[in-house]
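# Inside the fold
As a plain string of letters, each chain reads:
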Amino acid sequence: MIQRFVFLLLSLCSFATAQPSSAWTEPFPPHRIAGNLYYVGSRDLASYLITTPEGHILINSSLEESVPLIRTSVEKLGFKFTDIRILLISHAHSDHCAGSAEILKLTGAKHFVMEGDANAVEQGGAKKTRLGKGDYTQFPPAKVDRRLKDGEQVKLGDATLVAHLTAGHTPGCTTWTMKVDGLNAVIIGSPNVNPGYILIGNKNYPTIATDYELTFRVLKALPVDLFLGAHGGYYGLEAKHTRFLVTGGNNPFIDPAGYHRYVTDREQAFRAEWERQKSVK
């Protein structure tokens, strides 16, 4: 638990200073999580491939330099990168969507983004900061073909994903769910309050704190078997990959208890920071 916390903290700090950690760009073995759901990201920036007979869905394009890594991972699994028909993201931060423009160009895929983040994606970053000092690095703008609303479905072939608005981290932060081999897969967008986030009196995002509150209610209510997230560190990717795919055994990605521990931990961190900011106002 301590190691996971330290890893998460380091990841968040590097993100806040716009300095990607090596884990963001280091290749990681692509692998099947369950059914037609695969991991094709780096050691920490998570990208997911959902395959269907009608083409494929990709969640998260990651950094600009991540595109060749993602393509290699898709092809190592035996699939065609150019068969990606739909591109989704978890939220409009550069470490999850900076590669979108290039992927769209290479594949001709359609780009579906939650309404609250769509403008930022098309503008190449949020124009109004949510932070006290600066904002995250900008990224290449990417055309959005469909603006999603909370609860909307994205369908391709025999795959159906549901977009759950879990705002706060960004106004359109999205948690994706789908059924895989009868299991409930949950890919958490991000419940984290990054360093510098203003929760009290934020003129550019007045509802940020109440959005976080709603997000935690949504996350706690979701049925979950497969615990996944926008960063591998959220769900212990490396350790679980080793246990499952290297040493063998039961599928450790089936981890509802770990999911609820993580959500509880992140809610406690949010509330602690919220109270801290209230106390200094």
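Residues numbered from 1 in each chain as written. Predicted model: local features only at pLDDT ≥ 70, side-chain atom pairs only at ≥ 80, totals over all residues. Heavy atoms only, no water.

### Let's talk about the sheet that holds strand β3 (residues 48–52)
Strand order in the open sheet formed by 7 strands is β1-β2-β3-β4-β5-β6-β7, and the pairing between neighbours is mixed. Of all the strands in the sheet, just β1 (31–34) and β7 (146–148) have a single pairing partner and so form its edges. Strand-to-strand twist in this sheet, taken as the mean axis angle between neighbours without regard to direction, amounts to 25 degrees. Sheet topology places strand β5 (residues 84–88) next to strand β6 (residues 110–114); 2 bridges connect them, and they run parallel. Its bridge partner being in β6, I86 is matched across the sheet by K110. Contacts from helix α6 (residues 115–123) reach β6 and β7, with the element oriented near 125 degrees to β6. (Pairing = 2+ DSSP bridges. Helix = DSSP H or I, 4+ residues; strand = E, 2+ residues; numbered from the N terminus. Axes fitted to C-alpha atoms, helices over the stretch in contact; angles between N-to-C directions. Contact = heavy atoms within 4.5 Å.)

### Side note on the nonpolar core
Counting residues in each nonpolar core, the largest one holds 54 residues, and the members touching the most others are L37, Y48, L88, W176 and Y259. Residue contacts for W176: discarding those within four places in its chain leaves I59, L88, I89, L148, V154, L161, V162, A163, A185, V186 and I187. Ranked by size, the runner-up nonpolar core spans 24 residues in total, among them V67, A98, A142 and V144. (Core = buried A, V, L, I, M, F, W, Y, C linked by side-chain atoms within 4.5 Å. Buried < 20%, exposed > 50% of the residue type's maximum accessible area, 1.4 Å probe, protein only.)

### Overview of the packing of helix α7 (residues 208–221) against helix α9 (residues 256–279)
Axis angle and axis distance: for two packed helices, these are the angle between their axes and the distance between the axes, and together they describe the pair. It is at 10 Å that the axes of α7 and α9 come closest, and there the two elements cross at 165 degrees. Regarding the angle of α7 to α9, the classification is roughly antiparallel. Crossing of α7 over α9 shows left-handed handedness. Taking contact as the criterion, the partners of A209, Y212, E213, F216, L219 and K220 in α7 are, on α9, Y259, H260, V263, R266, E267, F270, R271 and W274. Class assignment of the residues belonging to the contact of α7 with α9 gives a composition of 8 nonpolar, 1 polar and 5 charged. (Parallel < 35°, antiparallel > 145°, perpendicular 65-115°, else oblique. Left-handed = near helix turned anticlockwise from the far one by under 90°. Nonpolar A, V, L, I, M, F, W, Y, C, P; charged D, E, K, R; others polar.)

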